[in-house]
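Tertiary structure, described
Given next are the chains, with one letter for each unit.
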Amino acid sequence: MLEVNRVRAGYGAINVLWDLSLTIREGEVTAIIGPNGAGKTTLLRAIMGLIPLSQGDIALHGDSLAGRQTWSIARHGISLIPEGRLVFRDMTVEDNLTMGAFPNSRRAGVAHNLARVYELFPRLAERRRQLAGALSGGEAQMVAIGRGLMAEPSVLLVDEPSLGLAPVMVQEIFGILERLKAEGRTIVLVEQNTHLALSLADHVHLMQAGRLLLSEPAPRVDLQRLHDLYFAR
Amino acid sequence: MTELILQSLYSGLLVGGAYALIALGLALVFGTMKIINLAHGELVLLAAYVAYTAESQFGLNPLASIPFALVIVCASAVLVYLLVSRIRVNRELNSLILTFGLGIILTNAVLIVWSANIRSTSSAWLQDAVVLGPLFSMRSEVVFFVLSLALAGGLWWWLSRSWYGRAVRAVSSNRDAAKLMGIDPVRTELVSFVVAGVLASVAGVAIYSSSVIQPALGHALTIKAFIITVLAGIGSMPGVLLGAVLLGVTESLTVTLASSALQELAGMVLFLLVLFVMPNGLFGGARRRG
């Protein structure tokens with residue numbers, strides 16, 4: 001459903017993605033793994049239009065997203081749950097979640113979706129009136145995920161959800177991702193923690209230096225080979 | 001002596017209403033765009049002169065001129081926004097130069113159209129005395145103070161409950177994250193300029209109705225609004241309200257106890273004193289920014 005076709009993108013004069021192509025299939029969890037600096041986050045930013053493509057195209061359900069503004073792509077049904085959370089620190093938890101439903105077509109479902117998010121994350125229900133800036137890292141990650149779900153996206157992009165979290169919290173977050181997978185959602189998971197990513201994924205892409213090194217269904221992945229490729233220079 | 005001090009506290013409180021409206025507009029635009037609109041006081045001044053023309057040419061009560069002020073000032077605010085939004089690099093710094101220049105242009109346009117004469121309202125109804133126990137004021141001061149409170153309340157409701165108000169806060173909190181929510185920051189910036197224009201319109205008519213206006217006033221108002229915004233701790237709405245009243249009271253106490261020549265200086269002294277004791281402003285306290 002989401003097609004990345006020979007995409008080249010980067011930051012100013014520094015190019016990061018080199019003619020990258022991949023396909024995200026509906027209802028699957030696609031894991032994108034790779035070492036630091038491989039361009040995983042850059043790929044997600046390019047999909048969301050936060051950085052421009054210098055070449056190639058990205059299409060959702062056949063509609064090209066290239067050249068479109070980030071807010072228009074978000075309204076089109078792609079939600080990015082950003083690395084480092086990026087919550088609205090000076091707003092309450094509930095206002096943060098509500099902003100996820102900003103697009104006109106999503107506003108009618110606010111009450112229903114809020115209730116769903118609070119059911120997924122009971123901890124956020126307890127803290128709904130607190131400022132998001134006062135939350136722990138794990139709670140902020142929950143806000144970011146909940147906020148992403150408020151838009152009822154057709155594709156959920158999740159960037160390094162385990163980054164900087166305590167192991168218990170990582171387990172909890174992956175438990176939630178597990179549930180979202182069971183609901184049949186389309187998820188793209190960028191993760192450095194290979195084991196966690198493999199435990200959840202239907203399909204695995206390994207990136208290095210802005211290119212795809214490996215692209216396989218998760219059950220066929222040979223861990224030894226994956227690690228050799230991962231650490232190869 | 002006690003009555004004099006009480007009276008100047010009261011007058012300061014009343015003038016603080018208009019100051020608060022001006023400062024809230026400045027703070028709102030600063031929040032969404034991270035720019036300080038140095039032409040903001042001139043927009044207020046423009047509203048004041050619209051009220052003057054409406055009264056002297058068409059015999060309208062200043063209160064009735066508010067809709068006209070709204071149209072003209074909001075259109076000017078949009079124009080300022082369109083110019084500022086053309087800045088591509090280093091917007092924070094370059095916008096200072098641009099809006100400073102726009103302020104000078106507006107001041108001189110006012111000078112050409114309305115001349116340098118000092119103007120004030122001739123409405124007897126607005127200038128009637130209102131007595132509240134031992135305290136005196138003009139009716140206009142009370143009317144516009146109540147109106148300012150209502151507008152500040154409306155702004156608070158808008159920022160905390162409406163979709164666009166919350167979007168304005170989201171953009172000021174984290175621009176990239178706001179875009180990811182499907183919020184168009186350009187439209188949000190425009191909205192914040194228009195809302196600042198609405199606040200400036202009412203403040204301008206208030207100042208015309210309860211005080212005297214002349215073309216150089218715009219600049220002084222920008223400085224007052226800036227002082228209040230920084231006093232408040234940038235981004236704090238209760239801080240702005242308190243800061244505005246504090247500035248009003250300081251000015252009126254200075255006039256009562258010392259000399260009206262020191263009025264402008266008093267604001268600056270207050271500004272330095274507060275920042276010396278509380279570098280983050282009154283309400284900026286423990287907040288972490290970023």
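Anything mentioned here points back to the structure above.
Heads up: these notes are all about the structure in this document. Residues take numbers from 1 onward in each chain, read along the sequence in its written order. Written order determines the labels here, with chains lettered from A and ligands numbered from 1. In view of the model being predicted, local features appear only for residues whose pLDDT reaches at least 70, and side-chain atom pairs are presented and counted only at 80 or more, with totals across whole chains, interfaces and linings using the full set of residues. Computation of side-chain values: all heavy atoms of the structure, hydrogens and water removed.

1. With respect to the overall build of chain A
Counting from the N terminus, the helices are the DSSP runs of H or I reaching at least four residues and the strands are the DSSP runs of E reaching at least two. Helices and strands together make up the secondary structure of chain A, namely 9 helices and 10 strands. For chain A, the spread of C-alpha atoms along the principal axes amounts to about 50 × 40 × 30 Å. The rule is simple: take the accessible area with a 1.4 Å probe, protein chains only, and divide by the maximum for that residue type; under 20% is buried, over 50% is exposed, in between is partly exposed. Within the span of chain A, comprising 233 residues, buried residues form 55% of the whole. Of the contacts made within chain A by residues no fewer than 6 positions apart, 68% connect residues no fewer than 24 positions apart. Note on areas: these come from Shrake-Rupley sampling with a 1.4 Å probe, and a residue is covered only by the protein chains present in the view. Per element, the accessible surface of chain A, about 9,600 Å² overall, is 50% carbon and sulfur. Side chains of chain A give 24 positive and 24 negative charges; the mean places of these two sets differ by 4 Å. Pairs of residues are marked as contacts when any of their non-hydrogen atoms sit within 4.5 Å. This count recognises Lys and Arg as positive and Asp and Glu as negative, with His and chain-terminal groups excluded. To locate a charge, take atom NZ for lysine, CZ for arginine, CG for aspartate or CD for glutamate.

2. Points about the sheet that holds strand β9 (residues 203-208) of chain A
All names here are of chain A. Taken in spatial order, the 6 strands line up as β6-β7-β8-β3-β9-β10 in an open sheet, and their pairing is mixed. Whereas interior strands pair on both sides, the edge strands pair on one side only; in this sheet they are β6 (78-81) and β10 (211-217). Each neighbouring strand pair of the sheet contributes to a mean axis angle of 15°, computed without reference to strand direction. Note on pairing: two strands pair once DSSP finds at least 2 bridges between them. Direction of pairing for β6 relative to strand β7 (residues 155-159): parallel, over a ladder of 4 bridges. Counterpart to Ile 81 in the pairing with β7 is Val 158. Helix-sheet contacts for helix α7 (residues 167-182) involve β3 (29-33), β7 and β8 (186-191), and the interaxial angle to β8 is about 150°. Every axis corresponds to a line fitted to the C-alpha atoms, with the helix fit spanning only the stretch in contact, and the corresponding angles, defined between N-to-C directions, vary from 0 to 180 degrees.

3. Digging into the packing of helix α3 (residues 66-84) of chain B against helix α4 (residues 91-114) of chain B
In helix packing, the relevant descriptors are the interaxial angle and the interaxial distance, both defined with respect to the helix axes. All names here are of chain B. One way to put it is that α3 packs onto α4 with a least axis distance of 10 Å and a crossing angle of 140°. With respect to α4, the element α3 is oriented oblique. The interaxial crossing formed by α3 with α4 has right-handed handedness. Within the contact between the two elements, α3 uses Val 80, Leu 83 and Val 84 and α4 uses Arg 91, Ser 95, Leu 98, Thr 99 and Leu 102. Of the residues belonging to the contact of α3 with α4, the class tally is 5 nonpolar, 2 polar and 1 charged. If an angle is under 35 degrees, it is roughly parallel; if it is over 145, roughly antiparallel; if it lies from 65 to 115, roughly perpendicular; otherwise it is oblique. By definition, turning the near helix anticlockwise from the far helix through less than a right angle yields a left-handed crossing, and turning it clockwise yields a right-handed one. Charged means Asp, Glu, Lys or Arg here, nonpolar means Ala, Val, Leu, Ile, Met, Phe, Trp, Tyr, Cys or Pro, and polar covers whatever is left, Gly included.

4. Points about unusual backbone geometry
Backbone geometry at A:Arg6 places phi at a positive 45°, although glycine is not the residue there. Residue A:Arg6 is classed as exposed on the basis of its relative accessible area, which comes to 51%. The phi dihedral of B:Asn90 is positive, around 50°, even though this residue is not glycine.

5. Here's the deal with the pairing of strand β2 (residues 14-24) of chain A
Residues and elements named next belong to chain A. As paired elements, strand β1 (residues 2-11) and β2 share 7 bridges and run antiparallel to each other. When the sheet's bridge partners are listed, Val 7 is paired in β2 with Leu 20. Adjacent in sequence and paired antiparallel, β1 and β2 are bridged by 2 residues, among which Gly 12 carries a positive phi angle near 60°.

6. Observations regarding the packing of aromatic side chains
Given two aromatic rings, one states the distance between the centres and the angle between the planes to describe the pair. For Phe, Tyr and Trp, where Trp contributes only its six-membered ring, two rings pair if their centres lie within 6.5 Å, and the inter-plane angle classes them as stacked under 30 degrees, edge-to-face over 60, or tilted in between. Scanning the entire structure with this criterion turns up 6 aromatic pairs over all chains. Pairing A:Phe102 with B:Tyr164 gives two aromatic rings, centres 5.6 Å apart and planes at 80°, and the pair type is edge-to-face. Note that A:Phe102 is positioned in the loop between α3 (93-99) and α4 (110-120) and B:Tyr164 in helix α7 (residues 163-173), a pairing that runs across two chains. Looking at A:Phe102, the relative accessible area reads 2%, which means it is buried. Judged by centre distance (6.2 Å) and plane angle (70°), the ring pair of B:Tyr52 and B:Tyr208 falls under edge-to-face. Of this pair, B:Tyr52 sits in helix α2 (residues 40-58) while B:Tyr208 sits in helix α9 (residues 185-210), placing them 156 residues apart in sequence. Per residue, the accessibility class of B:Tyr52 equals that of B:Tyr208, and both read buried. Aromatic ring contacts, followed pair by pair, group B:Tyr49, B:Tyr52, B:Trp114 and B:Tyr208 into a single cluster. We call a charge positioned above a ring when the Lys NZ or Arg CZ atom is no farther than 6 Å from the ring centre and deviates by at most 35 degrees from the ring normal. If you follow A:Arg107 out to its NZ or CZ, it ends over the ring of A:Phe102, 4.8 Å from the centre.

7. Looking at the interface of chain A and chain B
With 26 residues of chain A at the interface, the matching set in chain B holds 22 residues. When two parts are put together, the accessible area they lose, computed with a 1.4 Å probe and summed over both, is reported as buried area. The contact between chain A and chain B buries some 2,300 Å² in all, and 64% of this surface belongs to carbon and sulfur atoms. A per-residue breakdown of the area chain A buries against chain B is headed by A:Trp71, A:Phe88 and A:Phe102, which together make up 28% of the total. Throughout this description, the term salt bridge denotes a Lys or Arg side-chain nitrogen within 4 Å of a carboxyl oxygen of Asp or Glu. B:Arg169 is the partner of A:Asp95 in a salt bridge, and the nearest nitrogen-oxygen pair spans 3.6 Å.

8. Overview of the pattern of salt bridges
Residues and elements named next belong to chain A. For the coordinates displayed, the defined rule picks out 20 salt bridges over all chains. Residue Arg 8 pairs with Asp 19 through a salt bridge whose shortest N-O separation is 2.9 Å. Of this pair, Arg 8 sits in strand β1 while Asp 19 sits in strand β2, placing them 11 residues apart in sequence. Overall, the relative accessible area of 24% leaves Arg 8 in the partly exposed class.

9. Observations regarding the sheet that holds β2(A)
Residue and element names in this part refer to chain A. The strand order across the open sheet built from 4 strands is β2-β1-β4-β5, with neighbouring strands paired in antiparallel fashion. Strands with a single pairing partner mark the edges of an open sheet, and in this sheet they are β2 and β5 (63-64). One ladder, built from 2 bridges, connects strand β4 (residues 53-60) with β5; its direction is antiparallel. Residue pairing across strands places Leu 60 opposite Asp 63, the latter belonging to β5.

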